[in-house]
2 protein chains.
Amino acid sequence: MSKFFKVAIIGAGNVAWHLARAFENSGHFITEIYSRHLSSARELAKRLYDTNVTDSLDMSESPAEIFLIAVSDNATEHVSSLLKIPPYGIVAHTSGTQSLELLSRYHDNTGIFYPLQTFTKGISVGFKEVPICIEAVHKSTQEVLFTLGGSISDEVYSINSEDRKVIHIAAVFACNFGNHMLSIAQDILEEHDIDFGILQPLIVETVNKALTVGPAEAQTGPAKRGDDTILNEHLKFLKYEPAFKKIYKLLSEHLKNSYS
Amino acid sequence: MSKFFKVAIIGAGNVAWHLARAFENSGHFITEIYSRHLSSARELAKRLYDTNVTDSLDMSESPAEIFLIAVSDNATEHVSSLLKIPPYGIVAHTSGTQSLELLSRYHDNTGIFYPLQTFTKGISVGFKEVPICIEAVHKSTQEVLFTLGGSISDEVYSINSEDRKVIHIAAVFACNFGNHMLSIAQDILEEHDIDFGILQPLIVETVNKALTVGPAEAQTGPAKRGDDTILNEHLKFLKYEPAFKKIYKLLSEHLKNSYS
C-alpha cells in the first residue's frame, strides 16, 4: 500500500467534514462520501476535489482501501452491520466511546481512528496538534492507521479501549462539564443584565494558567481558601435557582476538601 | 488633581505585584509599598523605580493621593481600621467580595478598584483588556478611580456592590469550578498513567468555541445527547472514586435537563 490512501468516508457530519479536508490536504484521495441524505453528502463533496456521493452502504465495488465510519455514536453498529466492502479493505470508526468489537463482529480488518477534538462545521481546526488515538485488531491495520494519522497530525497514539474510555471520561469533565460551568456563569450574569463578555479575559487567563502550571497549582477562590463566610453568602444568593445552589454546594465542598 | 496620581499600595501579594507595575507603566508614581513583612515590600519595590517600603499603617505623612488596599480578603477590614492617611486621601480596595462599607466605616473618600482577573506573581498580564470594576461613595472619588483605571485598561466599568457579587459568583463557576473540572480530569488520567497533556488541544478548542459561539451553543457530549448507555458506563467506571461519581451524576443530570 502506498503512503497515500484511498479513503471512503461514511458520514457527512462534523467529524467527516473536517477529516475529509485534512486527508485531502495531506495527499490522500477521498473516493466516496456516504450519507443517508444524499444532499448532506453532496454538500461535503463540494468542498473536496473529485469525490463521489452515495446513500448506499454496499461499497463492495469501491476503489477505497480504508472505510472510515464517522457517524453518530448510536448509529455506528447499525452502519457497521450493513456496510459491504471489498476483501482486504479496512473498516475503522472515529468514536471515542464505541467499541472495536462493533466493527470486528462484521468485518475482518478493523480499527479505531479517534481524533480527540471537538469539531463544528465552519470552525476550522489545526490538525497538527490534535491527538489521534489508534487501536486495531491486526498489526498491519494498526500501521496503516498510524500512517494515515501521522499524515495529518504530529500526535498519534496507540490507545487501547480501556484507556480510550478513561480519556473520554476525563474529556467529559474537562470539556463538557467545564463548558457547562461557563453556561451557568452566563445564565447568572444575564439574569442580572450583565454581559458574559466581562468574564472573557478571566476565563482565558484561567485556562492558560491551568495549562501552564497545572490546574491544581493554579486554583484560587473562596472554596480553596476555605472562606465559609463568602461560600455561605453565595449559597444564600443562589436560592433563586436551587439547581445552581446544589452544584455550587457540591463543588465548593469537594474543592475545599481537596485543598485542606 | 493631575492625571498622574501618587499611589500608595497596601499589600505586596499577587494583585499589588501586578497593579504597581501597571500604574508605573502608565505614568503614575508609587510612593510606598506597605507589607507586614518588610522583606515582601522590598521584593516588590525592587521591580519599581523609586518607591519607599514600610511596615507601618500610619501613612498620615504620605505624599500619596490614593491608598490602594490589596491584601487578602479577610485582612481588608483590619487593615482599613488601622490605616491612617492625610485628609482628602482616597482609600480603595481591590477585592471582588469585600464591601465598600469596610472602608467607609473608617475613612471619608472611599471606593473599590476591582480588577477582574486572576493574578500570579511571575506570570505577566496584559492589562488593556482586564475589566476594572469601580464603585465609590462620592462622585469625585469615582472620577479619580475611573481615570486611574482608564490609564491601565480599556475596560473600566461602574459596578455596584450587588452586581460585583453577581460577577464574583459567576467567576467562581466559570473559573474556580471550571478549573476544578480540569483538576479532576487530570486526576482521572494520571490514575491511569495517561498524560494530562493529551487533553490540551481539546480544552483550548472548547474554550475558544464557548467564547466564540457561546457555551450553550458549543455544548457537546453524552449528557447533552441524553445518551444514557454512555452515562451509566461512565458512572460504573467512576465507582473507584465516589466523589467524582457524585459530581458526574449531578452535572450530567443538570446538563441533560438543560438541553432536553
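Quick note: structure is the one above.
A few points on the structure.

Rules of the game
Residues numbered from 1 in each chain as written. Chains lettered and ligands numbered in written order. Predicted model: local features only at pLDDT ≥ 70, side-chain atom pairs only at ≥ 80, totals over all residues. Heavy atoms only, no water. Contact = heavy atoms within 4.5 Å. Buried area = accessible area lost by both parts, 1.4 Å probe. Salt bridge = Lys/Arg side-chain N within 4 Å of Asp/Glu carboxyl O. Axes fitted to C-alpha atoms, helices over the stretch in contact; angles between N-to-C directions. Helix = DSSP H or I, 4+ residues; strand = E, 2+ residues; numbered from the N terminus. Parallel < 35°, antiparallel > 145°, perpendicular 65-115°, else oblique. Left-handed = near helix turned anticlockwise from the far one by under 90°. Nonpolar A, V, L, I, M, F, W, Y, C, P; charged D, E, K, R; others polar. 1 Å grid on protein atoms, 1.4 Å probe; cavity = no way out; pocket = protein on both sides within 12 Å on 5 of 7 lines; lining within 4 Å. Points joined across faces, edges and corners; volume = space filled by probe spheres on them. Buried < 20%, exposed > 50% of the residue type's maximum accessible area, 1.4 Å probe, protein only. Pairing = 2+ DSSP bridges. Right-handed = clockwise from strand over helix to strand, strands pointing away. Phe/Tyr/Trp six-rings, centres within 6.5 Å; stacked < 30°, edge-to-face > 60°. Expected span 1.5 Å × (residues − 1).

### Quick look at the interface of chain A and chain B
No. 1: Contact with chain A, which involves 81 residues of that partner, is made by 81 residues of chain B.
No. 2: The contact between chain A and chain B buries some 7800 Å² in all, and 75% of this surface belongs to carbon and sulfur atoms.
No. 3: Taken together, the connections running from chain A to chain B amount to 4 salt bridges.
No. 4: The shortest N-O distance in the salt bridge between A:Glu233 and B:Lys165 comes to 3.7 Å.

### Details of the packing of helix α10 (residues 228–237) of chain B against helix α11 (residues 242–259) of chain B
Relative orientation and spacing of two packed helices are given, respectively, by the angle between their axes and the distance between those axes.
Residue and element names in this part refer to chain B.
No. 1: As a packed pair, α10 and α11 sit with axes 10 Å apart at the nearest point and diverge in direction by 165 degrees. For the element pair α10 / α11, the angle class is roughly antiparallel. Crossing geometry of α10 relative to α11 is assigned as right-handed. On α11, the residues touching Asp228, Leu231, His234 and Leu235 of α10 are Lys245, Tyr248, Lys249, Ser252 and Lys256.
No. 2: For the contact of α10 with α11, a count of residues per class yields 3 nonpolar, 2 polar and 4 charged.

### Some thoughts on empty space enclosed by the protein
No. 1: In total, this model carries 1 cavity of 30 Å³ or more according to the counting rule given.
No. 2: For the largest cavity, the calculated volume is near 150 Å³.
No. 3: A:Ala174, A:Gly178, A:Val207, B:Gly178 and B:Val207 are, among the 16 residues lining the largest cavity, the residues nearest its centre.
No. 4: Broken down by secondary-structure element, the contributors of at least two residues to the lining of the largest cavity are α6 (161–191) and α7 (200–213) of chain A together with α6 (161–191) and α7 (200–213) of chain B.

### A look at unusual backbone geometry
All names here are of chain A.
No. 1: A positive phi angle, close to 75 degrees, is found at Tyr88, a residue other than glycine.
No. 2: Mapped onto the elements of the fold, Tyr88 is located in the loop between α3 (76–82) and β5 (90–93).
No. 3: We note that Asp193 has phi near 60 degrees; this positive angle belongs to a residue other than glycine.
No. 4: If you trace the backbone, Asp193 turns up in the loop between α6 and α7.
No. 5: Residue classification places Asp193 among the exposed positions, given a relative accessible area of 75%.

### A word on the environment of B:Asp108
Residues and elements named next belong to chain B.
No. 1: Among the secondary structure elements, Asp108 is positioned in the loop between α4 (101–104) and β6 (109–115).
No. 2: On the basis of relative accessible area, Asp108 is assigned to the exposed category, the value being 64%.
No. 3: Expressed as a C-alpha distance, the spacing of Asp108 and Ala243, which sit 135 residues apart in the sequence, is 49 Å.

### Some points on the side chain of B:Thr94
Residue and element names in this part refer to chain B.
No. 1: Considering the arrangement of structural elements, one finds Thr94 in the loop between β5 (90–93) and α4.
No. 2: Note on Thr94: relative accessible area 8%, which makes it buried.
No. 3: If we skip the residues at most four places from it in the chain, Thr94 touches Val15, Leu19, Leu68, Ile69, Ala70, Phe113, Tyr114 and Pro115.

### Some details on the pairing of strand β1 (residues 6–10) of chain B
Residue and element names in this part refer to chain B.
No. 1: The element β1 is largely enclosed, with a buried count of 4 among its 5 residues.
No. 2: Pairing analysis gives 5 bridges linking β1 to strand β2 (residues 29–34), with the strands arranged parallel. Bridge assignment links Ile10 to a residue of β2, and that residue is Tyr34.
No. 3: Handedness of the crossover joining β1 and β2 through helix α1 (residues 14–25): right-handed.
No. 4: Relative to strand β4 (residues 66–69), β1 is paired through 4 bridges, and the arrangement is parallel.

### Some thoughts on the packing of aromatic side chains
No. 1: According to the stated counting rule, one finds 14 aromatic pairs over all chains in the structure shown.
No. 2: On the numbers, 5.8 Å between centres and 65 degrees between planes, the contact of A:Phe173 with B:Tyr248 is edge-to-face. Here the residue A:Phe173 occupies a position in helix α6, and B:Tyr248 occupies one in helix α11, the pair thus bridging two chains.
No. 3: Residue class for B:Tyr248 comes out buried when judged on its relative accessible area of 0%.

### Some details on helix α1 (residues 14–25) of chain A
All names here are of chain A.
No. 1: With 12 residues, α1 should reach 16 Å at 1.5 Å per residue; the first-to-last C-alpha distance of 17 Å fits that figure.
No. 2: Within α1 the residues assigned to the buried category are Ala16, Trp17, His18, Leu19, Ala20, Ala22, Phe23 and Glu24.
No. 3: Those residues of α1 that are buried are in contact with β1 (6–10), β2 (29–34), α2 (38–45), β4 (66–69), β6 (109–115) and α5 (139–152).

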